[in-house]
Structure formats: structure tokens, C-alpha cells
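Below are the chains, spelled out letter by letter.
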Amino acid sequence: HSPPEQPGDKPLETGQVQRKEVCRWPCRCPRVPACTPGVSLVKDGCGCCKVCAKQAGEPCNEADVCDPHKGLYCDYSEDEPRYETGVCAYLVAVGCELNGVYYANGQTFQPNHLYKCLCVSGTIGCTPVFTPRLAGTPCARVPSRKKPGQSICGLEQHKQLQSNNYRLMSAYRSLPLVLKKKCLIQATPWTPCSRTCGIGISSRVTNDNRKCEMKKEKRLCFIQPCLTNMLKKIKIPKGKTCQPTFQLPTAEKLVFSGCSTTQRYKLTFCGVCLDKRCCIPNRSKMITVQFECPNEGFFRWKMMWITSCVCQRLCSAPGDIFSQLKLL
């Protein structure tokens, strides 16, 4: 005798195996859960509710999806021929290298006692190792109790405070990653210059500072001077269609917000092309320039000093965050 059909099971057809239905419609969702730091909050496989994504080695099914942001998928190979319940596993992909050590895709590692890192498809993401900070919280030490220094909080309150004190640092790609005074330096790429001619501003987010905290950093950028009819003033070599870089004949003071630099600079600028290509900075370094303002004193700014440019066909407007997207 065949087993009685259970609610939610698909009816058994000739040549098929019984497979349990895990999705129910219409959707009935519980309260949105609070996921552990590092675990993605995603929509379930039924397209209904927000759930905490399953992690590597955890069971999964049609509804309980694996963490897509960590390159995980549900491997049903051990549940043949039903293919009902699987285990979250990493997709085959390239590993990562940090300080000469190679890590496999999906591998969690701790390069030092301050950071815990994860390798996902050639990218390393790191978060600070949690250390509870109870000073100044409701869990103060009470000296008047029988046991000196005993905390007034219970275990559950400690756990809650620990979760609230956890500070998550975004994982930015900046390879190769380096350690600097026990700080794992990470940074986003510099944004395009805010102006195509004249002095503009570009920014990035980095933790390259004394406190190792993620902060927004700005710098001045000067890609081209605002000259009329640039092609007539820049000499393009015979037989070429582009002149990647050029300089003005004399050193000049830079003017920014009504203030001028105390020194004169002979900057390298990105050039022009006869075709539809554009020239953008390829290599640069950072300098500090000082500006003098009439009757207002001095101020200093970091500035990108261009050393070389490259001419390419991929041209986008300054600050276009979608410039890297392409239509398929």
C-alpha cells in the first residue's frame, strides 16, 4: 500500500516521485527578521516574505534560499531523485590572495585578531571582530552588591547589548589589501571628476586614517583647462588621432572658490582626439596645495596630480554612477 497523501504534497503521477510543496499562496508573512551581521536579508524563493538567507552548509529548499551575495546556491545532488531538500554550497569560482596567502572561494579566514574576512569570487570582504563594549551601558558594575563588580544585567541583556554594540564595516574592494598599523586598508575607487574642465572634486570612502574608520575623503581634480577650441591649441602628432596629455606653456596659480594657490604649478592635463575617443587620467599621485583667500587666511586641499592619461572610446558624463553598465 502506498503511504497516504499528505497536505502540500504533489499528486503522484506515473514515472514521477512525490515532492513536498513548500510555497503557499496567498502570502502570509511574519515580522521581518533581524539577521545576524553578515547574513543577507532576502526575499524567499516563493517571492513572498523577507527571510535571512541560508549560509554555507545549512539545509535549503525552494523557499529557504541560499545567500546570493556570497555566491551560494542550493545543491540538491544528495536528494536524488526527489530534489526536495539541499545544502547551501559555494559556486565554483576563483579564490583570493592576501599578503601572499591564497584562500579558496567561500573560505572564511582571520588575517589577524582584529578582522574576520570572507573570500567570494576573487573579492575579499572583512568586518571587525566583535568585542563587547559594556562601559557606559545599563549593565554597569554595582560595587554595593555582595560580590564587588557584579553586573546588574542578565545573560539575555548582555547578548542584546552585544548585538547593538556590533559595528559593521562595509567591505570595499581595493586590491591588493594591505595592513597598516593593525588596520586593514580598504577603499572605494575615486569618483569621476565633477567637472570636465576647470577645478572639480572627486571623492571616495576609505578607512586609511588614524582611527581606521570608514570616512568620505575628497580631493581636487583638474582634468583640462576651460579653453575655447581645444583642438587648435593642442598639437596632435602627425599620423596620430589623439594627444593623451599636454601642458600649458607656463606655470600658473590655481583658482578655487575665489582663492588662489600660494605657488605656481605646471600641471599635466588630459588631451583630446580627432575621433570620438576621450582622454581620462590613467596614473596620478596626491599632492597638497595651499590656497590664499583675500582677507580670509589660508586653507589646504589634497589634489590629484596627473602623471599620464589614456584615450578610450568609453566616455561618460562626470559623476555618472551607471557608466560601467552596458546593454546586453
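Conventions adopted
- Residues numbered from 1 in each chain as written.
- Predicted model: local features only at pLDDT ≥ 70, side-chain atom pairs only at ≥ 80, totals over all residues.
- Heavy atoms only, no water.
- UniProt positions renumbered as here; feature names shortened; annotations may be inferred.
- Pairing = 2+ DSSP bridges.
- Helix = DSSP H or I, 4+ residues; strand = E, 2+ residues; numbered from the N terminus.
- Phe/Tyr/Trp six-rings, centres within 6.5 Å; stacked < 30°, edge-to-face > 60°.
- Buried < 20%, exposed > 50% of the residue type's maximum accessible area, 1.4 Å probe, protein only.
- Disulfide = S-S within 2.5 Å.

Within an unreviewed UniProt entry, the label attached to the protein chain reads WISP3 protein, and the organism entered is Sylvia atricapilla. Looking at the Sequence similarities (unreviewed entry) heading of the UniProt record, one finds this comment for the protein chain: "Belongs to the CCN family." Its UniProt record gives the protein chain the following Subcellular location (unreviewed entry) comment, quoted word for word: "Secreted".

(A) The arrangement of the sheet that holds strand 5 (residues 86-90) in detail. Read from one edge to the other, the open sheet built from three strands follows the order 3-5-4, with strand pairing classed as antiparallel. Every other strand in the sheet has two partners, leaving strand 3 (59-60) and strand 4 (72-75) as the edge strands with one partner each. In this structure, strand 4 lies alongside strand 5, joined through four bridges in antiparallel fashion. When the sheet's bridge partners are listed, tyrosine 73 is paired in strand 5 with alanine 89.

(B) Quick look at the packing of aromatic side chains. Overall, the coordinates contain seven aromatic pairs when judged by the stated rule. Residues phenylalanine 222 and phenylalanine 269 carry aromatic rings whose centres are separated by 4.9 Å and whose planes lie at 75 degrees to one another, so their mutual orientation is edge-to-face. Within this pair, whereas phenylalanine 222 is found in strand 16 (residues 215-222), its partner phenylalanine 269 is found in strand 20 (residues 268-273), the two being separated by 47 residues in sequence. Judged by its relative accessible area of 13%, phenylalanine 222 is buried. Centre to centre, the rings of phenylalanine 256 and tryptophan 301 are 5.8 Å apart; their planes meet at 75 degrees, and the pair counts as edge-to-face. One end of the pair, phenylalanine 256, is in strand 18 (residues 255-256); the other, tryptophan 301, is in strand 22 (residues 297-312), with 45 residues separating them in the sequence. Each member of the aromatic cluster is reached from another via a ring pair, and the members are Phe256, Phe291, Phe299 and Trp301.

(C) Representation of the state of the cysteines. Enumeration over the complete set of coordinates arrives at 14 disulfides. Bridging cysteine 242 to cysteine 273, the disulfide has an S-S length of 2.1 Å. Of note, the bridge from cysteine 242 to cysteine 273 carries an S-S torsion of about 115 degrees and is right-handed in sense. In this pair, cysteine 242 sits in strand 17 (residues 242-247) while cysteine 273 sits in strand 20, placing the two residues 31 residues apart along the sequence. Side by side, cysteine 242 and cysteine 273 carry an identical accessibility label, which is buried. Sulfur-sulfur distance for the disulfide between cysteine 270 and cysteine 309 comes to 2.0 Å. Its S-S torsion of approximately -80 degrees makes the covalent link between cysteine 270 and cysteine 309 left-handed. A residue pair is termed long-range when its members are at least 10 positions apart, and cysteine 270 in strand 20 and cysteine 309 in strand 22 qualify at 39 residues. Pair check on accessibility: cysteine 270 and cysteine 309 agree, each one buried.

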